[in-house]
Amino acid sequence: SDPASRRVTSEIVLALLRASLGTGPLPDAARFAECDWRRLAFLSRHHGVGPILFLGLRQRAASVPADWLQAYKAEYVTNAFHNQLAQQSLDEISEILSSERISFIVMKGAALLRTLYDDQGLRFLSDVDLLVDESDVKRADRELQLRGMRLSGSEHAEEVGSRCHYSLGYCFQQRRTIPVEMHWRIFERYR
């Protein structure tokens, strides 16, 4: 696409994001007429903001090609369902760890879903990240595995206390669940 179209498309993405925050207006129909929809899709995937863009696009549905609007809607709905499953997994894990009096902190995306976002479909979440005290890792690992979680084949699945690795990855055995990563440090010791 030409540079002018690329610029306009980038401006549309920014305007949609600002509108979602309530800090700017939605682009008008004339602006959408100049949009390079493939470029918009590339930018939304690259930055992980497709579901957020959908909120603005559906408000201007008459200005958005139907196939693109449908694609963004599908992405939003799929993501909302995925995050609902993540929240269910987190609730199960919370019950397991709390019943054994193992303290933990929910980190990153899963924490943001419950605090920052009022709509579960807006943020992409690839896994659930937990922080556990290093002295509780073996107990937490045992309890999670006793309750149906299995260590996944992960490059991070090293023994506790390793100099370079600081987390274990798990997956529930039932379908439609997402990975869980249990950290005992938030970064490697050498940092």
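Computed from a predicted model, the values in this text were never measured in an experiment.

(A) Molecular detail of the pattern of salt bridges. In the structure shown here, the tally under the stated rule is ten salt bridges. A salt bridge links Glu 11 to Arg 7, with the nearest nitrogen and oxygen atoms 3.1 Å apart. Of this pair, Glu 11 and Arg 7 both sit in helix 1 (residues 3-21), separated by four residues, roughly a single helical turn. Glu 11 sits in the partly exposed class, given a relative accessible area of 30%. Here Glu 34 makes a salt bridge to Arg 31, at a shortest N to O gap of 3.8 Å.

(B) Expanded view of the layout of surface pockets. In this model, the largest pocket occupies a volume close to 240 Å³. Elements supplying a minimum of two residues to the lining of the largest pocket: helix 1 and helix 4 (50-59). Split into classes, the residues belonging to the lining of the largest pocket amount to eight nonpolar, one polar and one charged.

(C) Examining helix 1 more closely. For helix 1, built from 19 residues, the straight-helix expectation of 27 Å at 1.5 Å per residue is met to within 8% by its first-to-last C-alpha distance of 27 Å. For helix 1, the set of buried residues is Ser 5, Val 8, Thr 9, Ile 12, Val 13, Ala 15 and Leu 16. The buried residues of helix 1 all sit within an arc of 165° when viewed along its axis, so they share a single face. Of the exposed residues in helix 1, those oriented more than 90 degrees away from the buried face are Pro 3 and Leu 21. Among the structural elements, helix 2 (29-33), helix 3 (37-47) and helix 4 are those in contact with the buried residues of helix 1. At the exit of helix 1 stands Gly 22, carrying a positive phi of roughly 80°.

Procedures and definitions
- Residues numbered from 1 in each chain as written.
- Predicted model: local features only at pLDDT ≥ 70, side-chain atom pairs only at ≥ 80, totals over all residues.
- Heavy atoms only, no water.
- Salt bridge = Lys/Arg side-chain N within 4 Å of Asp/Glu carboxyl O.
- Helix = DSSP H or I, 4+ residues; strand = E, 2+ residues; numbered from the N terminus.
- Buried < 20%, exposed > 50% of the residue type's maximum accessible area, 1.4 Å probe, protein only.
- 1 Å grid on protein atoms, 1.4 Å probe; cavity = no way out; pocket = protein on both sides within 12 Å on 5 of 7 lines; lining within 4 Å.
- Points joined across faces, edges and corners; volume = space filled by probe spheres on them.
- Nonpolar A, V, L, I, M, F, W, Y, C, P; charged D, E, K, R; others polar.
- Expected span 1.5 Å × (residues − 1).
- Arc of directions from axis to C-beta.
- Contact = heavy atoms within 4.5 Å.

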